[in-house]
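# Structural characterization, general
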Amino acid sequence: MKIILISLDTLRASRLSGYGYGKRTSPHMDQIARDGVLFERAYAADIPTEVAHTGVFTGKIGLTTGVVSHGSDLTNLPKSVEWLPNLLRSAGFTTGAVDNLYQLKEWFARGYNYYLNTVGGNRWIDGSKINDMAFPWIEQHKDESFFLFLHYWDAHTPYLPPDSYVPEFYDAAKDPFDPANKSMEPAYNHTAYPFFKHHHYDLVGQVTDTDYYDALYDAEIRYLDDRLKELDDHLAKLGIQEETLLVLFGDHGESLTEHDIYWDHCGLYEPTVHVPLILRWPGRLPAGRRVPGLVQQADILPTLLEAVRREAPDGIATGKLADPAGLDGRSLWKAIEGRADGTRETLYLSECAWQAARAIRNDRYKLIVTYDSGPFRRPPRELYDLASDPLETVNLAELRPDIADALEGQLNAFVAEKLDGDPDPMKEQLARRGLPFRRRIEQILNAAGLTWEQWQRNPDRKIFDKATSDVQSH
């Protein structure tokens, strides 16, 4: 038995053709879904990258592990917390990763016989590099039961797809650098601009058309899709495709100008928390099944452990693969087999990087409670009727305080139950360190001779660019 777990970093579900998008961004992922199971409403309970992946590998949400903030020096994951690669290695699997999350926190390298770190040379990791490192490893271990984690970053900023991928998604009659087009001005004059100038905008050029950035994102997804096809073709060539359980998931999505978020993954809105989740295992999973109910990333771990127990491959000690205690995740097998629509009726969501907020989402409503809005302007509560307003444009919190109050009470009760008297890690982060990305912007501003207060009053990119230029010239 082989398990290949694939993180598709920053991949938004609604931008895949298999999830209803009108452009042909993901033909091979669509084929994988036709041959397997697609979860229509899968969610990242914690965002962004660091906390999302911790949830995948522990089967526990951030309130349980204490890991709620991305990029914080306060967070720690005790070695006593059960970790998916450790569990599988202990049971007899050969474990490998082609990944760079070790650069964020040491625990991401736990449990692997082989950890191939993709950092080095170009800081932005190309899917071709992932394949170039993964293919020889797969060939070397093709006769073993193995678990392989692959982390593709192509859909993450900066969007720098090969030029040949762009024309399919951008109108050839348009000029992305047309000075008469002012659609980029809100992004360029946003409080977060000092961060994205270096990490994104300067690398792409002086684009004036927001549609071009959206097209670049689509082109990156299409490029990623081709790399996944190469991987799949390689599995078929080696004769192991049929015995491989393939799991594709997005760690979080991406907002493309919605809610004042410009090509980034913050905010507990659908573009960022609704992620793709697709499983294929020929002969073991039904083909073409679409699961309609709510599921979350923490469900992946118990699902994989149950898959191994069901398969009971030679040389694997399945008795060592009982579900760890205290899991928040629930096995997806009932939903896979059509005996359930999902794994839960209510989801609880969290972020603590650009903003600090929690949310509760059920089949109809979502309530977002913001504790610190960082470089954004947010009301303390946002209530959306997702049935009538799927784009989350009409905040009903003041019009329907009865619903908002009931949902906030449910959210607070859930948090209190999970904490069980322990300190709230989000409040600890805010009190002791503040928001990690606000701190980063403050550092960038200070290096340019500006303060956060000055910048927040007037986030004009000309001011920042001139200040930066003046510092550099001296």
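Residues numbered from 1 in each chain as written. Predicted model: local features only at pLDDT ≥ 70, side-chain atom pairs only at ≥ 80, totals over all residues. Heavy atoms only, no water.

As recorded in an unreviewed UniProt entry, the protein goes by Sulfatase-like hydrolase/transferase and comes from Paenibacillus sacheonensis.

Frequently, the measure chosen for interface size is the accessible area removed from exposure when the parts meet. Parsing the protein into structural domains produces domain 1 (2-166 + 213-347) and domain 2 (435-472). For domain 1 versus domain 2, the distance between C-alpha centres works out to 36 Å. (Domains from an automatic or database assignment.)

If you trace the five strands from one edge of the open sheet to the other, you get 3-13-14-15-16, paired in mixed fashion. Of all the strands in the sheet, just strand 3 (46-47) and strand 16 (381-385) have a single pairing partner and so form its edges. Summarising the sheet, strand 13 (residues 347-352) and strand 14 (residues 356-361) pair through six bridges and their orientation is antiparallel. Paired with Glu351 across the strands is Ala357, a residue of strand 14. (Pairing = 2+ DSSP bridges. Helix = DSSP H or I, 4+ residues; strand = E, 2+ residues; numbered from the N terminus.)

A word on empty space enclosed by the protein. Summed over the entire model, instances satisfying the criterion amount to five cavities of 30 Å³ or more. Lining the largest cavity are 13 residues, with Ile61, Leu63, Tyr348, Leu349 and Ser350 positioned closest to its centre. Elements supplying a minimum of two residues to the lining of the largest cavity: helix 3 (62-65), strand 13 and helix 12 (401-419). A breakdown of the residues in the lining of the largest cavity according to their chemical character gives nine nonpolar, two polar and two charged. Of the volumes computed, that of the second largest cavity is approximately 70 Å³. (1 Å grid on protein atoms, 1.4 Å probe; cavity = no way out; pocket = protein on both sides within 12 Å on 5 of 7 lines; lining within 4 Å. Points joined across faces, edges and corners; volume = space filled by probe spheres on them. Nonpolar A, V, L, I, M, F, W, Y, C, P; charged D, E, K, R; others polar.)

Among all positions of helix 13 (residues 425-432), only Pro425, Met426 and Gln429 are buried. For helix 13, the arc enclosing every buried residue in end-on projection is 105 degrees, short of the 170-degree limit, so these residues lie on one face. In helix 13, the exposed positions angled more than 90 degrees off the buried face are occupied by Lys427, Ala431 and Arg432. At its buried positions, helix 13 is contacted by strand 13, strand 14, strand 15 (365-372), helix 12 and helix 14 (436-447). The N-capping residue of helix 13, defined by a side-chain oxygen 2.9 Å from the backbone nitrogen of Met426, is Asp424. A positive phi of about 80 degrees marks Gly434, the residue just after helix 13. (Buried < 20%, exposed > 50% of the residue type's maximum accessible area, 1.4 Å probe, protein only. Arc of directions from axis to C-beta. Contact = heavy atoms within 4.5 Å. Polar contact = N/O pair within 3.5 Å; in protein donor to acceptor, adjacent residues only side chain to side chain.)

Another aspect to go through is helix 1 (residues 27-34). The set of residues buried in helix 1 consists of His28, Met29, Asp30, Ile32 and Ala33. On its buried face, helix 1 is in contact with strand 1 (2-8), strand 2 (37-43), helix 8 (210-238), strand 7 (244-249) and strand 11 (277-280).

Attention now moves to unusual backbone geometry. Cis peptide bonds are those with omega within 30 degrees of zero, and the linkage from Ile47 to Pro48 qualifies with 0 degrees. As for its position among the elements, Pro48 is in the loop between strand 3 and helix 2 (49-58). The omega torsion of the bond from Thr157 to Pro158 falls at 0 degrees, within 30 degrees of zero and hence cis. Relative to the elements of secondary structure, Pro158 occurs in the loop between strand 6 (146-152) and helix 6 (185-188). Not every positive phi belongs to a glycine, and Ala312 is a case in point at roughly 45 degrees. Note on placement: Ala312 falls in the loop between helix 10 (300-311) and helix 11 (333-336).

What follows deals with the state of the cysteines. One pass over the structure, following the stated rule, counts zero disulfides. Here Cys266 is not disulfide-linked; the sulfur of Cys352 is the nearest cysteine sulfur, at 12 Å. For Cys352, a relative accessible area of 0% corresponds to the buried category. (Disulfide = S-S within 2.5 Å.)

Evaluated as defined, the whole model comprises 36 salt bridges. The partner of Arg110 in a salt bridge is Glu106, with the nearest N and O atoms 2.6 Å apart. For Arg110, a relative accessible area of 11% gives the class buried. Salt-bridge contacts for Glu337 lead to Arg339; the nearest nitrogen and oxygen are separated by 2.8 Å. Sharing partners across several salt bridges, the network here consists of Glu270, Arg361, Lys366 and Glu392. (Salt bridge = Lys/Arg side-chain N within 4 Å of Asp/Glu carboxyl O.)

Turning our eyes to something else, we now look at the packing of helix 4 (residues 84-91) against helix 10. Close contact between helix 4 and helix 10 brings their axes to 11 Å; oriented N to C, the two are set at 10 degrees. What the angle tells us is that helix 4 and helix 10 run roughly parallel. Only Leu301, Leu304, Leu305 and Val308 of helix 10 make contact with helix 4, whose side of the interface consists of Leu84, Leu87 and Leu88. (Axes fitted to C-alpha atoms, helices over the stretch in contact; angles between N-to-C directions. Parallel < 35°, antiparallel > 145°, perpendicular 65-115°, else oblique.)

Another point: the side chain of Glu306. For Glu306, the position within the fold is in helix 10. Relative accessible area serves as the criterion here: at 19%, Glu306 is assigned to the buried category. If we ignore the near neighbours within four places in the chain, the residues touching Glu306 are Ser331 and Trp333.

In this section: the packing of helix 7 (residues 193-204) against helix 16 (residues 461-473). At their nearest, the axes of helix 7 and helix 16 sit 10 Å apart, and the two run at 65 degrees to each other. In this structure, helix 7 crosses over helix 16, and the sense of that crossing is right-handed. Residues Tyr193, Pro194 and Lys197 of helix 7 form the contact with helix 16, whose own contacting residues are Arg461, Phe464 and Asp465. Residues that form the contact of helix 7 with helix 16 fall into these classes: three nonpolar, no polar and three charged. (Left-handed = near helix turned anticlockwise from the far one by under 90°.)

Within the largest apolar cluster, 134 residues are counted, with the highest numbers of intra-cluster contacts made by Leu5, Ile6, Phe39, Phe147, Leu150, Tyr201 and Leu277. Here the element with the most residues in this core is helix 8; it accounts for 12 residues. Looking at which domains feed residues into this core, each of domain 1 (2-166 + 213-347) and domain 2 (435-472) supplies at least three. Leave out the neighbours within four places in its chain, and Leu277 touches Tyr19, Val37, Leu38, Phe39, Ala42, Val247, Leu248, Phe249, Val295, Ile300 and Leu332. Of all hydrophobic cores here, the second largest spans 18 residues; its members include Tyr365, Val369, Ile403 and Ala404. (Core = buried A, V, L, I, M, F, W, Y, C linked by side-chain atoms within 4.5 Å.)

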